[in-house]
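Here is how the chains run, residue by residue.
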Amino acid sequence: MPLRWALLLLLGLSARRGWGCLQCDNSVLMTLRQLRLAIIPSRFGEEHVRARALALLQGMEGPFFRDYAVNSFVGVVGTDNLDLVASFMKNQINNLMVNSLRDGPLLEQLVILREKVTMKLKTVLRLYELKACDHKTCGLMKEEVLDCLHCLKISPKCVTKKYCFVDRQPRVALQYNKKSGYLQNQAVLGIIVSVCLAVFAFGVIVASAITYRQNRKLLLR
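This structure is a prediction, so every number in the text was calculated from the model and none was measured. (Residues numbered from 1 in each chain as written. Predicted model: local features only at pLDDT ≥ 70, side-chain atom pairs only at ≥ 80, totals over all residues. Heavy atoms only, no water.)

Participant: Any chance you could explain the confidence of the model for the protein here in plain terms?
Facilitator: Regions with low pLDDT should not have their predicted coordinates read in detail. Of all residues in the protein, 77% attain a pLDDT of 70 or more, and the chain-wide mean is 79. This model gives residues 1-20 a pLDDT under 50, and the stretch forms 32 contacts once residues within four places in sequence are excluded. Note on residues 167-180: pLDDT under 50 across the span, and 21 contacts to partners over four residues away in sequence or across chains. (pLDDT = per-residue confidence, 0-100. Contact = heavy atoms within 4.5 Å.)

Participant: I keep staring at the nonpolar core and nothing clicks. Help me out?
Facilitator: One broad rule of soluble globular proteins: the nonpolar side chains tend to lie buried together. Counting residues in each nonpolar core, the largest one holds 35 residues, and the members touching the most others are Leu22, Ile39, Phe44, Met89, Leu110 and Leu121. Only helix H2 (26-39), helix H3 (47-61), helix H4 (64-72), helix H5 (79-98) and helix H6 (103-133) provide two or more residues apiece to this core. In terms of residue count, the dominant contributor to this core is H6 (eight residues). Apart from residues no more than four positions distant in its own chain, leucine 22 is found in contact with Val28, Leu29, Phe65, Leu82, Val85, Ala86, Met89, Val117 and Leu121. Counting nine residues, the second-largest nonpolar core is a separate cluster that includes Tyr128, Ala132, Met141 and Val159. (Core = buried A, V, L, I, M, F, W, Y, C linked by side-chain atoms within 4.5 Å. Buried < 20%, exposed > 50% of the residue type's maximum accessible area, 1.4 Å probe, protein only. Helix = DSSP H or I, 4+ residues; strand = E, 2+ residues; numbered from the N terminus.)

Participant: Whenever I open this one, the packing of H2 against H5 confuses me. Can you help?
Facilitator: For any two helices packed against each other, one specifies the inter-axial angle together with the distance between the axes. Look at H2 against H5: their axes get within 10 Å of each other, and the N-to-C directions meet at 15°. Classed by the angle they form, the pair H2 and H5 counts as roughly parallel. For H2 against H5, the interelement crossing comes out left-handed. Contacts from Ser27, Val28, Thr31, Leu32, Gln34, Leu35 and Ala38 in H2 reach Ala86, Met89, Lys90, Ile93, Asn94, Leu96 and Met97 in H5. (Axes fitted to C-alpha atoms, helices over the stretch in contact; angles between N-to-C directions. Parallel < 35°, antiparallel > 145°, perpendicular 65-115°, else oblique. Left-handed = near helix turned anticlockwise from the far one by under 90°.)

Participant: How do you make sense of the sheet that holds strand S1 (residues 76-78) when you look at a structure like this?
Facilitator: Across a sheet, strands are paired by hydrogen bonds formed along the backbone, either parallel or antiparallel in direction. Spatially, three strands are ordered S1-S2-S3 in an open sheet, and the strand pairing comes out antiparallel. Among the strands making up the open sheet, the edge pair consists of S1 and strand S3 (152-154). Across the sheet, the mean angle separating the axes of adjacent strands is 35° when strand polarity is ignored. Of the pairings in the sheet, the one linking strand S2 (residues 145-147) to S3 comprises three bridges and is antiparallel in character. Counted as the bridge partner of leucine 146 is lysine 153 from S3. (Pairing = 2+ DSSP bridges.)

This is the structure:
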């Protein structure tokens, strides 16, 4: 193993664990960086495939997991649960570094890696959110949790209903916001379109009937 990788691995192992979500865990970032240095560009001969792989890896090193945690959930997770996700991710990365895949197949495995880790992270994010949004039991939470946006350890606390689950996401807000003006506008637009289509169809039928009758008269002369 080159000296540079050995130093990175040493730093990753000695870094303080559980100091944030995946993008804040130095051991995860170091392992991702090792993977990037090991496979790019040496195992990507095709330029466009290499560019996609690099963007994917840099996204995982950067804001990808933070944005997912904050935009899809309340952005808080239990430290013990997150350690399990981090360990899973590092094991998967180590497997990729020792295999012989190249180009397209290797890029596909990187995509699968991100999907698997995201699903693992989703499980622990949702686990905290279920507890924090249940106001009958949320006050009993005692475990240490992590703020994924600021990478800080915080005390668990109850979450207001509007921030629970997917209520605050614009793309699905219509399912929950009965008074949405946008929803009403879409309903009115749907009615108008339906009426216009019905009138158009009726006009076509009438015109066809008139044309048929005129042609029949011509044939009977």
